[in-house]
Amino acid sequence: MRASKEPGQSSMTVPTTEFRAEGTKLDGLFRVQFKVIEDERGSLMEFYRQSDFETAELPSLDKRPQVNAPLSVKGTVRGIHAEYAHKLVATASGKIYAVIVDLRSDSMTTGKWESFELERGQGLFISKGLGNSFQSISDEPSVYLYYFEKEWRPDMPGVACNPLDPDLNINWPIADGQGMIISEKDRNNPSLKEILDK
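Asks: Got a minute to help me understand the sheet that holds strand E6 (residues 35–39) in this structure?
Replies: By way of backbone hydrogen bonds, the strands of a sheet pair with one another, either parallel or antiparallel. Strand order in the open sheet formed by 3 strands is E3-E6-E7, and the pairing between neighbours is antiparallel. Every other strand in the sheet has two partners, leaving strand E3 (16–17) and strand E7 (42–46) as the edge strands with one partner each. Inspection of the sheet shows E3 paired to E6 by 2 bridges, in the antiparallel sense. The residue bridging Thr17 from the neighbouring strand is Val36, located in E6.

Asks: Looking at this structure, I do not really get the pattern of salt bridges. What am I missing?
Replies: Oppositely charged side chains may form a pair once their charged atoms are brought near each other. Taken as a whole and judged by the stated rule, the model has 10 salt bridges. Asp139 is the salt-bridge partner of Lys74, the closest N and O atoms lying 2.7 Å from each other. Here Asp139 lies in the loop between strand E15 (130–136) and strand E16 (142–148) and Lys74 lies in the loop between strand E9 (71–72) and strand E10 (76–83), a separation of 65 residues in the sequence. Lys74 sits in the partly exposed class, given a relative accessible area of 38%. For Asp139, a relative accessible area of 66% corresponds to the exposed category.

Asks: Explain the packing of aromatic side chains to me, please; I cannot follow it from the model alone.
Replies: The geometry of two aromatic rings is summed up by the distance between their centres and the angle between their planes. The full count for this structure, using the stated rule, is 12 aromatic pairs. Three or more aromatic residues link up through ring pairs in this structure, and these residues are Phe19, Phe30, Phe34, Phe47, Tyr48, Phe53, Phe125 and Tyr147.

Asks: Mind showing me how you'd approach the side chain of Gln135 here?
Replies: Looking at the secondary structure, you find Gln135 in strand E15. Under the relative-accessibility criterion, Gln135 is labelled buried at 0%. Each residue touching Gln135, except ones within four places of it in the same chain, is listed here: Gly75, Thr76, Val77, Lys95, Ile96, Tyr97, Trp172, Pro173, Ile174 and Met180.

Asks: Got a minute to help me understand the environment of Thr55 in this structure?
Replies: Position of Thr55 among the secondary structure elements: in helix H1 (residues 50–55). Sequence separation between Thr55 and Asp186 is 131 residues, and the spatial gap between their C-alpha atoms is 37 Å. A polar atom in the side chain of Thr55 sits 2.9 Å from the backbone oxygen of Ser51.

Asks: Help me understand the pairing of E16, please; the structure alone is not making it clear to me.
Replies: Sheet faces and side chains relate simply in a regular strand, where the side chains alternate between the two faces. With 7 of 7 residues buried, E16 lies mostly within the body of the structure. In this sheet, E16 lies alongside strand E8 (residues 66–68) in antiparallel orientation, the contact comprising 3 bridges. Across the sheet, residue Gln66 finds its bridge partner in E16, namely Phe148. The sheet contact formed by E9 and E16 spans 2 bridges and is antiparallel. Residue pairing in the sheet places Ser72 in a bridge with Ser142 of E16.

What counts, and at which threshold
Residues numbered from 1 in each chain as written. Predicted model: local features only at pLDDT ≥ 70, side-chain atom pairs only at ≥ 80, totals over all residues. Heavy atoms only, no water. Pairing = 2+ DSSP bridges. Helix = DSSP H or I, 4+ residues; strand = E, 2+ residues; numbered from the N terminus. Salt bridge = Lys/Arg side-chain N within 4 Å of Asp/Glu carboxyl O. Buried < 20%, exposed > 50% of the residue type's maximum accessible area, 1.4 Å probe, protein only. Phe/Tyr/Trp six-rings, centres within 6.5 Å; stacked < 30°, edge-to-face > 60°. Contact = heavy atoms within 4.5 Å. Polar contact = N/O pair within 3.5 Å; in protein donor to acceptor, adjacent residues only side chain to side chain.

Function cannot be inferred from these measures alone, as they are strictly geometric.
Now the structure itself:
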C-alpha cells in the first residue's frame, strides 16, 4: 500500500504492487512483477521504467524500438520463437501459459524449458537466444505484450522451434486436437534436434 496523488485530488491510499524481478532456472530468464496501481476505476500497469530495470540489474533494452500486442483467443499457441534480441513480455489482459525454451547451443541448459501462468501485471524478461512461446488459456481473449530490443525484421538472426516437438514434451494446458489453435507455420517449425544439429 502506498499513497498516490493525482492532480486536483487529495492524497489517498491505493493498493500498489511494486516492481520486482527474480531469476529462474534458465540463465538470462527473469520473472517480472510489474508495478500495478489499483483504484475504483480499474488499474494502471507500469510496463517499463528504465530506473527499475537498472536497479534490478536487468540487461538493457537499448532504444526499445518496437512493441507488439497480439490478441489471442482461448487455445491459441504462438511460438517457439528465439530472435537474437532481448524481449520483455507481459500479460495485458486474460491469462496465458508461457513456455520459455533454451535454444542456445552453448548453454548449460540447452533444450530445457520453464513454464509460467501469467496474468495482468506479470511477465518475463527473456534474454536473446531463449525461445518465447505461449498459449492463451482464459475464456476471454488474452493480450500479450512484446517489447523488443531491436526492430523486428523477417531476416533478423534467430531460430524457431516446433512447440509440439515430442522431445520437448511441453504439456500445453489445451492440447492439440482438444481446442489448440496453432498456425501451420509454427506447427511445421524444425524440432529441437534439427536446430541443434545445424
